[in-house]
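# Chains, contacts and geometry: an overview
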Amino acid sequence: MDAETTVRAYYDALRAGEPLDPFFARDESVVKFGIGERLTGYSEIREGLTAQTETTADWHVGSERLAVTERGDHAWFSDDVFIAWTDLERQIDYEFESRWSGTLERQPDAGSRIDGIDTPWRFVGMHVSAPGGTR
């Protein structure tokens, strides 16, 4: 699986409510910025994404301008993404026109035998932001 397919697989996993932490490198220098959070290190990312999966539902993820570049064992991406979900604890529906960007690293020892996803690519940085408010 190449880096672009890995990004698309992450979107699919988000839509399906599947675990997202396997897509991140198991390193404490990894960072993920979300619309309302900063998660630093694999452990914090795993905890944050697990809580997100448990407390949200009905994810819609619409990729509009995915661009991915690979150079050797590194890749980077950007995208405009419509995202919407339901917060199960607050019973509130959210939706955003968001911007995504990030960096991936090929880790040859990673893959399905370790964490359930069949790709050597892992996010080492991800940034999701929303230029406007909720609709």
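### Overview of the overall build of the protein chain
Along the backbone of the protein chain there are three helices and seven strands. Counting helices and strands in the order they occur from the N terminus, the protein chain gives α-β-β-α-β-β-β-β-α-β. Computed over its C-alpha atoms, the radius of gyration of the protein chain comes to 14 Å, within 12% of the 14 Å expected for a compact globule of 135 residues. Viewed in the frame of its principal axes, the protein chain has a C-alpha envelope of about 40 × 30 × 25 Å. Evaluated residue by residue, the protein chain yields a buried proportion of 41% over its 135 residues.

### Considering the pairing of strand β4 (residues 67–71)
By the bridge criterion, five bridges tie β4 to strand β5 (residues 74–87) in an arrangement that is antiparallel. From the neighbouring strand, Arg-71 faces β5, where its bridge partner is His-74. Linking β4 back to β5 in an antiparallel pair, the connection comprises two residues, with Gly-72 at a positive phi of about 65°.

### Here we look at the environment of Phe-96
Residue position: Phe-96 is located in strand β6 (residues 92–106). Spatially, the C-alpha atom of Phe-96 lies 9.9 Å from that of Val-61, the residues being 35 residues apart in sequence.

### Structural notes on unusual backbone geometry
Even without glycine at this site, Asp-58 takes up a positive phi of about 55°. Even without being a glycine, Gln-91 presents a positive backbone phi close to 55°. Considering the arrangement of structural elements, one finds Gln-91 in the loop between β5 and β6.

### Observations concerning the pairing of strand β7 (residues 121–129)
In terms of burial, β7 is largely enclosed, as seven of its nine residues are buried. Taken together, the three bridges between strand β1 (residues 31–33) and β7 define a ladder with parallel strand orientation. Paired with Lys-32 across the two strands is Met-126, which belongs to β7. Here β6 runs beside β7; their pairing, made up of eight bridges, is antiparallel. Bridged to Thr-103 within β7 is Gly-125.

### Focus on the nonpolar core
Residues Tyr-10, Tyr-11, Phe-24, Phe-77, Trp-100 and Phe-123 are the most contacted members of the largest nonpolar core, which totals 31 residues. At the level of secondary structure, the elements contributing two or more residues to this core comprise α1 (3–16), α2 (42–55), β3 (56–63), β5, β6 and β7. When residues in this core are grouped by element, the largest group, six residues, is from α1. Excluding residues within four positions of it along the chain, Phe-123 makes contact with Val-7, Tyr-10, Phe-23, Phe-24, Ala-25, Val-30, Phe-77, Thr-103 and Leu-104.

### Structural notes on the side chain of Thr-86
Tracing the backbone shows Thr-86 in strand β5. According to the relative accessible area criterion, Thr-86 is buried, its value standing at 13%. Among all residues touching Thr-86, those that are not within four sequence positions of it are Thr-55, Thr-56, Ala-57, Asp-58, Ile-92 and Asp-93.

Cut-off values and rules
Residues numbered from 1 in each chain as written. Predicted model: local features only at pLDDT ≥ 70, side-chain atom pairs only at ≥ 80, totals over all residues. Heavy atoms only, no water. Helix = DSSP H or I, 4+ residues; strand = E, 2+ residues; numbered from the N terminus. Rg over C-alpha atoms; globule rule 2.2 N^0.38 Å. Buried < 20%, exposed > 50% of the residue type's maximum accessible area, 1.4 Å probe, protein only. Pairing = 2+ DSSP bridges. Core = buried A, V, L, I, M, F, W, Y, C linked by side-chain atoms within 4.5 Å. Contact = heavy atoms within 4.5 Å.

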